[in-house]
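Report on the structure
Spelled out, the chains give:
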Amino acid sequence: MKTVIKWALKHLPRPLMQRLAGWMTPVVGLLLRGKRFTCPLCGHSFRRLLPYGYVTTRENALCPSCLSLERHRLLWLWMERESNLLKEYPRLLHIAPEVCLMKRLKKHYRHQRNSYLTADLESPLADLHFDIQHTPLADDSFGLVICNHLLEHVEDDRLALRELCRILKPGGWGILLAPIDYNRATTYEDNSITDPEERTRLFGQYDHRRIYGRDYPERLREAGFEAEEIDYAARLTPEERRRYALPDSDRIYLVRKPLN
């Protein structure tokens, strides 16, 4: 099973992988049921999770039921415990929506018509379709924006960030996650590199345009946000980190649009 998953991650197109995962997860989830790990998004428990990773495979990373990864589980715990999101209904734009988060958020917003919208360039799952570098939405129109692991794919991420700040209401907040290399002081990008294998070597994935460094929060501030880096996993107990299969290094990046 592990060998097959590694081969598929390396050789199959992502849309096909997602479709295959949708067919297989009900069966795989039943086979792996146990008590060692619990996914806070779907609530199911398993004796082990599935391996995942484009370059380096991570063990116990992918929930067999809802397909959450470590970052999704960490973020959900933070939103559930530390934010008012699940007590209120801010108008929310969820860009490049992850299915595991989208299902939970749609359930929360089920009685609040048009308060939860999803957007993507191409995905048929999304309500809206556009390039976030040229967002066709009004200024100050959303109280909350979630955009995870997309900015590293965008040609001009600074332009995309300014657009996200523009559509957020003053006082509104957002979660903007990206893969970070904490050994790097500054973000590295070079658009002249087009070879897929070289991009994978330098940026971690063939379709990434940059690898962010520790200056990522400053990049968010340059776009007009107030930005906070939260090491939420460090606030949890070792038993919680083990049970939810959480990352050691991932941080949550919380942004707010100033009132003035």
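Treat the numbers as computed from the prediction; the structure is a model and nothing was measured.

A look at the state of the cysteines
Overall, the coordinates contain zero disulfides when judged by the stated rule. No disulfide involves Cys39; its nearest neighbouring cysteine sulfur is the one of Cys66, lying 3.6 Å away. On the basis of relative accessibility, which here comes to 2%, the residue Cys39 falls in the buried class. Cys66 supplies the cysteine sulfur nearest to Cys100, a cysteine that is in no disulfide, at a spacing of 5.2 Å. Look at Cys100 and you get buried, because its relative accessible area is 5%.

Some points on the packing of helix α3 (residues 70–82) against helix α4 (residues 99–108)
Between α3 and α4, the least distance of the axes is 10 Å, while the angle of their chain directions is 25 degrees. Taken together, the axes of α3 and α4 are roughly parallel relative to one another. The two elements α3 and α4 cross, and the hand of that crossing is right-handed. Facing α3, whose interface residues are His72, Leu75, Trp76 and Met79, α4 presents Cys100, Leu101, Arg104 and Leu105.

What about α3?
Over its 13 residues, α3 runs 18 Å from end to end, which matches the ideal 18 Å to within 8%, given 1.5 Å per residue. Glu70, His72, Arg73, Leu74, Leu75, Trp76, Leu77, Trp78 and Met79 are the residues of α3 that are buried.

Criteria and cut-off values
Residues numbered from 1 in each chain as written. Predicted model: local features only at pLDDT ≥ 70, side-chain atom pairs only at ≥ 80, totals over all residues. Heavy atoms only, no water. Disulfide = S-S within 2.5 Å. Buried < 20%, exposed > 50% of the residue type's maximum accessible area, 1.4 Å probe, protein only. Axes fitted to C-alpha atoms, helices over the stretch in contact; angles between N-to-C directions. Helix = DSSP H or I, 4+ residues; strand = E, 2+ residues; numbered from the N terminus. Parallel < 35°, antiparallel > 145°, perpendicular 65-115°, else oblique. Left-handed = near helix turned anticlockwise from the far one by under 90°. Contact = heavy atoms within 4.5 Å. Expected span 1.5 Å × (residues − 1).

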